[in-house]
Amino acid sequence: MFGEAAELYDAARPGYADGLVAEVLAYAWLSPTGSGEPAGSGERAVVEIGAGTGKASVLFAERGVPLVCVEPDPRMAEVLRRNTSGYPRVRVEAGGFEEWSAQGRTFGLLFAATSWHWLDPARRWDLVHDALEPGGAVALFWNPHGVVDDGLYEELGAIDRRYGVEGSPHCRRAAYYGDVPGNGEPFWPEAECRADGRFADPRGVRFREEVRYGTERYLDYLASISSYRVLPEEHRAGALAETGRVLDARGGGIEMLHVSDLFLARRAA
């Protein structure tokens, strides 16, 4: 689905909050004994599920961590290799995480950036547990949006309904996002993680930032996501064209609340 638009995905998709990576590493590098002493990022490898074109991968690679990126789509993986080519401690391994083999390796951190919901719910916690060393951390994060202007939210919602768009970035008002990570969304993994029973110390963190998208950039973003990729071509073209006209009529862009929601847990030692 995404591979056919890999370059667009890479150019248009938003990244993650500046503080998110620091939050993940601060949590992951705590020793499993609870002493609070850093375990040493250079000695604990990291694996990423569904790395895409490297939107999150590069942020971790910049910290010098040894990183294995697992990506199922060869076209996405090609862009990922290009984006991480300057980081010698990054290795890209092709394939879906359900079929991927750790080859006897275990990891101090496993993370998934806007990809966890694509994994098989019946197997994903088993796979994570097996990939992590005792005390190793799992970090799952997403970057939803909310429309700042209520009138624009209503106009865009009407377009979505006409063309059958479900789950677009503008399907929520900014006011929907309070201070609680996950906001009760069905994909939020905390309840599932607690029910599994093999993980400890679950935490949620929310980062918030207002951003402005120009019309062209926002339309490129929409064209890269599954809500639009799954539409028949004529519906996708119509929805994007109408959205563009509305944004141009309102000053040539859209103000959005950009949220980065982070869930953390640790494999029980």
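Rules and cut-offs
- Note on numbering: residues in each chain are counted from 1, in written sequence order.
- Owing to the predicted nature of the model, reporting of local features is limited to residues with pLDDT of at least 70; listing and counting of side-chain atom pairs is limited to 80 or more, with chain, interface and lining totals taken over all residues.
- Excluding hydrogens and water, the side-chain figures rest on all heavy atoms present in the structure.
- Residue-level confidence of the predictor, termed pLDDT, takes values from 0 up to 100.
- In this analysis, two residues are considered to be in contact whenever any of their non-hydrogen atoms come within 4.5 Å of each other.
- Buried residues of nine kinds, namely Ala, Val, Leu, Ile, Met, Phe, Trp, Tyr and Cys, make up a nonpolar core once their side-chain atoms join them within 4.5 Å.
- A simple rule labels every residue: compare its accessible area, found with a 1.4 Å probe on the protein chains alone, to the largest value its type can have, and call it buried under 20%, exposed over 50%, or partly exposed in between.
- Starting at the N terminus, helices and strands are each numbered in turn, a helix being any DSSP run of H or I of at least four residues and a strand any DSSP run of E of at least two.
- For this document, the term salt bridge refers to a Lys or Arg side-chain nitrogen within 4 Å of an Asp or Glu carboxyl oxygen.
- Stacked, edge-to-face and tilted are the three classes for Phe, Tyr and Trp ring pairs, Trp counted by its six-membered ring, which pair at centre distances within 6.5 Å; planes under 30 degrees apart are stacked, over 60 edge-to-face, the rest tilted.
- Here, a charge over a ring means that NZ of Lys or CZ of Arg falls within 6 Å of the ring centre while also lying within 35 degrees of the ring normal.
- When DSSP locates at least two bridges between a pair of strands, those strands are taken to pair.
- Handedness rule for crossovers: strands pointing away from the viewer, path from the first strand over the helix to the second running clockwise, crossover right-handed.
- The arc in question is traced by the directions running from the helix axis to the C-beta atoms.
- We call two N or O atoms a polar contact when they sit within 3.5 Å, provided that within protein one can donate a hydrogen and the other can accept it, with sequence-adjacent residues counted only if both atoms are side-chain atoms.
- To estimate the expected span of a helix, subtract one from its residue number and multiply by 1.5 Å.

(A) Examining the confidence of the model for the protein chain more closely. Taken over all residues, the pLDDT of the protein chain has a mean of 90, while the share at 70 or more is 91%. pLDDT under 50 marks residues 31–42. Its contacts with residues more than four places away, or in other chains, come to 16 contacts.

(B) Summary view of the nonpolar core. Ranked by internal contacts, the top residues of the largest apolar core, which has 31 residues, are Val24, Phe60, Leu109, Phe111, Phe141 and Leu262. If one sorts the elements of this core by residue count, helix 2 (residues 18–28) sits on top with 6 residues. Discounting residues that sit within four places of it in the chain, Phe60 has contacts with Val21, Val24, Leu25, Val65, Leu67, Leu109, Phe111 and Phe141. With 25 residues, the next largest nonpolar core counts Val68, Val70, Ala102 and Trp116 among its residues.

(C) Region of interest: the pattern of salt bridges. Summed over all chains, the structure comprises 17 salt bridges. Notably, a salt bridge pairs Glu190 with Arg194, separated by 3.0 Å at the nearest N-O pair. Of this pair, Glu190 and Arg194 both sit in helix 7 (residues 190–196), 4 residues apart, roughly one helical turn. With relative accessibility at 52%, the residue Arg194 sits in the exposed group. The structure contains a network of salt bridges with shared partners spanning Arg91, Glu93 and Arg105.

(D) Layout of the packing of aromatic side chains. Evaluated as defined, the whole model comprises 14 aromatic pairs. Pairing Trp142 with Phe187 gives two aromatic rings, centres 4.9 Å apart and planes at 40°, and the pair type is tilted. With a gap of 45 residues between them, Trp142 in strand 5 (residues 132–142) and Phe187 in the loop between helix 6 (150–163) and helix 7 connect regions that are remote in the sequence. Classification of Trp142 by relative accessible area gives buried; the value is 5%. Take Phe187: its relative accessible area is 32%, and that puts it in the partly exposed class. Through successive ring pairs, a cluster of aromatic residues spans Tyr16, Phe60, Phe111 and Phe141. Sitting over the face of the ring of Tyr176, Arg172 holds its NZ or CZ atom 4.1 Å from the ring centroid.

(E) Region of interest: the pairing of strand 3 (residues 90–94). Pairing of strand 2 (residues 67–71) with strand 3, which is carried by 5 bridges, proceeds in the parallel orientation. By the bridge assignment, Cys69 is partnered in strand 3 with Val92. For the segment spanning strand 2, helix 4 (residues 74–83) and strand 3, crossover handedness is right-handed.

(F) View of helix 4. Every buried residue of helix 4 is listed here: Met76, Ala77, Val79 and Leu80. Here the buried residues of helix 4 occupy an arc of 160° about the axis, which is enough to place them on one side. With respect to the buried face of helix 4, the exposed residues turned more than 90 degrees away are Pro74 and Glu78. One side-chain oxygen of the residue at the start of helix 4 lies 2.8 Å from the amide nitrogen of Arg75, identifying that residue as Asp73.

(G) Inspection of the environment of Arg44 at higher detail. By the element assignment, Arg44 lies in the loop between helix 2 and strand 1 (46–49). The spacing of Arg44 and Thr106 is 62 residues in sequence and 9.0 Å in space, taken between C-alpha atoms.

(H) Just helix 6, in detail. Its 14 residues give helix 6 an end-to-end C-alpha distance of 20 Å, which sits within 8% of 20 Å, the value for a rise of 1.5 Å per residue. Each element contacted by the buried residues of helix 6 is listed here: strand 6 (145–147), helix 9 (226–229), helix 10 (233–249) and strand 8 (253–267). Gly164 sits one or two residues past helix 6 and shows a positive phi near 75°.

(I) Quick look at the pairing of strand 1. Every second residue of strand 1 is oriented toward a common face, with Val46 and Glu48 on one face and Val47 and Ile49 on the other, all of them buried. Relative to strand 2, strand 1 is paired through 4 bridges, and the arrangement is parallel. Its bridge partner being in strand 2, Val46 is matched across the sheet by Leu67. The pairing of strand 1 with strand 4 (residues 107–113) spans 4 bridges and is classified as parallel. Considered in strand 4, the bridge of Glu48 is made with Phe111.

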